[in-house]
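What follows is the residue order along each chain.
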Amino acid sequence: MKTKFIFVTGGVVSSLGKGIMASTIGQLLKSRGLKVFMQKFDPYINVDPGTLSPFQHGEVFVTDDGCETDLDLGHYERFIDENLSKESSVTTGKIYQAVIDKERKGDYLGATIQVIPHITNEIKDRLKAVAKASNADVVITEIGGTVGDIESLPFLEAIRQARRDFGQKNTLYIHTTLLPYLKAAKEIKTKPTQHSVKELRSLGISPDMIVLRSEVPVSKSIKEKIALFCDVESTHVFESVDVDILYKAILNLHKQDIDEWILKHFEIEPSKPMDLSPWESLIKSIEESKKEIQIGLVGKYVSLHDAYLSVVEALKHAGYHQGLQVNIKFLNAEKITEDNVEKALDGCKGLIVPGGFGERATDGKIAAIKYARTHNLPFFGICYGMQLAAIEFARNVMGIGLATTTEIDPNTKYPIIDIMTNQDLTKNLGGTQRLGLYDCEIESESLAYSLYQTTSIKERHRHRYEFNNFYKEAFLSYGMKLSGVNKKENLVEIIELPNHPFFIACQFHPEFLSRPLRPHPIFKGFIEAAHNNQTNE
Ligand code: GLN
């Protein structure tokens, strides 16, 4: 097999930034000319995070092929700038579901099904599947959770066996741990790392490299001590000190030659010299972005900012490229009314209403959209944000006071948003939603065209309901432009208001395709419009 595997585990505590670390290494290897793909093993029993509350688990990320995944995949895609696939997301639920399905079909020929070898074999099959589907030189697999958790044991056992199966030179174990700094003693403590590595070794895995997460720089002698106690080469102990700008982690790890050592381990000759200049310029422009701009984000899950992670990142990307620091004012839609919306949006130069589900908090979102429409405040609606913008327009401009979506009222007489029967919801994996990449044709005389500069785009979706074509003519006659459609299924994808400085909303989720080095055109246009709004004051 040509593919090499890197396994990233975490020790001591969770929330170490293991995903960022794994994708940083991915970006470094990609910058050396390798084809890199990433995968996450998640120990939770849900089959996918699609049904998990955003309050608990943060955003659900969606891949091109319509897989609902953990938000870490968003970090991976943004860092390595590769579009991942369903093979990238593996949960305990998926593994057990596959094994139980096979058992029911009699595929195991009467054997007693056990964690070892059946579950571990299924996990290893996912490694082979990702290698095959991606044809990558290197696959980086992050194992969720912390070493020592009961839930992750089968995954750790599978990656232990992987070295046996694929060979020493084709596998690499990187363990990330926390080095706590005790302020009172002014000392870094290595003991938790020693314990964590001991735990990992008791499971049969000796890390080849250790990445130390620390608040303060780590001295050579500490690294040597860890190397000695943990049986790792002292050149293979790296530090990852807290950074003010995430992307600095890429440069920091490169300075310590981590990519060089990984290539040596795999005996790969890099196909090109390292060029990190795009990241260096990005960091420079972030550092120079002194000017601030405030954007109001009105949503239901605002108490956990991670619920809107990709939207937040996409707004920031757009800001970086215009020398602007985007500050987001998170506003709880449940608390917003027509009476207090002006005050709530005070200081905001643009309004974004991202995706959502259910009836709760929709009135507040509609009040905010109405305010933006009637006060020339740049507005950008995403998914539910688009559906509610259409409803607001129907209610307040077209005079259909009872306009709504069948998601809120299944028996409504005015289903502006409804299930469109001709949808083929089974095309992509994942139940009854329209998930993943779909085409959209853009009208050439439109704001959408001026942003995308092309008439044909593909964007990722995650929704059940649609703009109801029955109302198309009525919307057009009142001046709403339906500037993007999916021709094949005759579905409205983008709506916009021409007599407004910037009012656009889309059925898809553009935030999933924004990259730090390549901000998404609608986000870029939105931040530009918000900036114009600020400078015109
Ligand atoms: N709830 C809406 C639907 O299912 C919008 C979904 C979303 O915003 N992701 O169509």
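Residues numbered from 1 in each chain as written. Predicted model: local features only at pLDDT ≥ 70, side-chain atom pairs only at ≥ 80, totals over all residues. Heavy atoms only, no water.

Visitor: Describe the site of the ligand, listing the residues and the values that go with them.
Guide: The local shell around the ligand consists of G355, G356, F357, C383, Y384, Q387, E407, R462, H463, R464, Y465 and H509. Y384 is positioned with one of its backbone polar atoms (N or O) 3.0 Å from an oxygen atom of the ligand. A distance of 3.0 Å separates an oxygen atom of the ligand from a polar backbone atom of R464. When the ligand sits alone it has 300 Å² of accessible area, and the protein chains cover 99% of it. Counting only elements with at least two residues in the shell around the ligand, the list comes to α15 (384–396) and β19 (456–463). Its residues assigned to classes, the shell around the ligand shows 4 nonpolar, 5 polar and 3 charged. (Near = heavy atom within 4 Å. Polar contact = N/O pair within 3.5 Å; in protein donor to acceptor, adjacent residues only side chain to side chain. Areas by Shrake-Rupley, 256 points an atom, 1.4 Å probe, with all protein chains shown as cover. Helix = DSSP H or I, 4+ residues; strand = E, 2+ residues; numbered from the N terminus. Nonpolar A, V, L, I, M, F, W, Y, C, P; charged D, E, K, R; others polar.)

Visitor: Go over a nonpolar patch on the surface with me, naming the residues and quoting the values.
Guide: Taken together, the side chains of Y96, I100, V115 and I116 present a nonpolar region at the surface, about 330 Å² in accessible area. Listed by contribution, the elements that provide at least two residues to the nonpolar patch are α4 (92–105) and α5 (115–134). (Patch = residues over 30% accessible without salt bridge, like charges linked within 9 Å, V, L, I, M, F, W, Y side chains within 5 Å. Salt bridge = Lys/Arg side-chain N within 4 Å of Asp/Glu carboxyl O.)

Visitor: So what about the nonpolar core? Which residues, and what values?
Guide: In terms of nonpolar packing, the biggest core is built from 68 residues, with I6, I25, L29, I140, Y247, I258 and I262 touching the most fellow members. Apart from the residues lying within four places of it in its own chain, the contact partners of I6 are I25, L29, V138, V139, I140, T141, L172, I174, I262 and F266. Residues A389, A390, I417 and L497 belong to the second largest nonpolar core, which totals 43 residues. (Core = buried A, V, L, I, M, F, W, Y, C linked by side-chain atoms within 4.5 Å. Buried < 20%, exposed > 50% of the residue type's maximum accessible area, 1.4 Å probe, protein only. Contact = heavy atoms within 4.5 Å.)

Visitor: Tell me about the sheet that holds strand β20 (residues 466–467), and please be specific about residues and values.
Guide: Taken together, the 3 strands give an open sheet; going across it, the order is β16-β17-β20, and neighbouring strands pair in mixed fashion. Either end of the sheet is taken by a strand with one partner, and the two such strands are β16 (404–405) and β20. Pairing geometry for strand β17 (residues 415–418) and β20, over 2 bridges, is antiparallel. Across the sheet, residue D418 finds its bridge partner in β20, namely E466. Here α15 sits on the sheet and contacts β16, β17 and β20; the angle it forms with β17, its principal contact strand, is near 170°. (Pairing = 2+ DSSP bridges. Axes fitted to C-alpha atoms, helices over the stretch in contact; angles between N-to-C directions.)

Visitor: An account of the packing of aromatic side chains is requested, with residue identities and associated values reported.
Guide: Taken as a whole and assessed by the stated rule, the structure comprises 18 aromatic pairs. Taken together, a centroid distance of 5.3 Å and an interplanar angle of 80° make the contact between F55 and Y301 edge-to-face. A residue pair is termed long-range when its members are at least 10 positions apart, and F55 in helix α2 (residues 54–57) and Y301 in the loop between β12 (291–299) and α12 (309–320) qualify at 246 residues. In this structure F55 comes out as partly exposed when scored by relative accessible area, which is 35%. The exposure class of Y301 is buried, given its relative accessible area of 10%. Members of the aromatic cluster, joined through ring pairs, are F5, F7, F166 and Y173. (Phe/Tyr/Trp six-rings, centres within 6.5 Å; stacked < 30°, edge-to-face > 60°.)

Visitor: So what's going on with the sheet that holds strand β10 (residues 209–214)? Which residues, and what values?
Guide: A sheet is described by the order of its strands in space; here 7 strands give the open sequence β5-β2-β6-β1-β7-β10-β11, paired in parallel fashion. The open sheet has two edge strands, β5 (89–91) and β11 (237–241), and neither has a second partner. Geometrically, the sheet is characterised by an average inter-axis angle of 20° between neighbouring strands, direction not taken into account. Across 5 bridges, the pairing between strand β1 (residues 4–10) and strand β6 (residues 138–143) is parallel. Note on β6: the bridge partner recorded for F5 is V139. Sheet strands touched by helix α7 (residues 191–202): β1, β7 (171–179) and β10. Its angle to β7, the strand with the most contacts, is close to 150°.

Visitor: Go over the environment of E280, please, and point to the residues and values.
Guide: Within the fold, E280 resides in helix α11 (residues 277–288). The class for E280 is partly exposed, based on a relative accessible area of 43%. Through-space distance from the C-alpha of E280 to that of K248 is 8.3 Å; in sequence the pair is 32 residues apart.

Visitor: Describe the side chain of T69, listing the residues and the values that go with them.
Guide: Mapped onto the elements, T69 comes out in strand β4 (residues 68–69). Judged by its relative accessible area of 0%, T69 falls in the buried class. Excluding its chain neighbours within four sequence positions, the residues that come into contact with T69 are P49, E59, V60, F61, T63 and S89.

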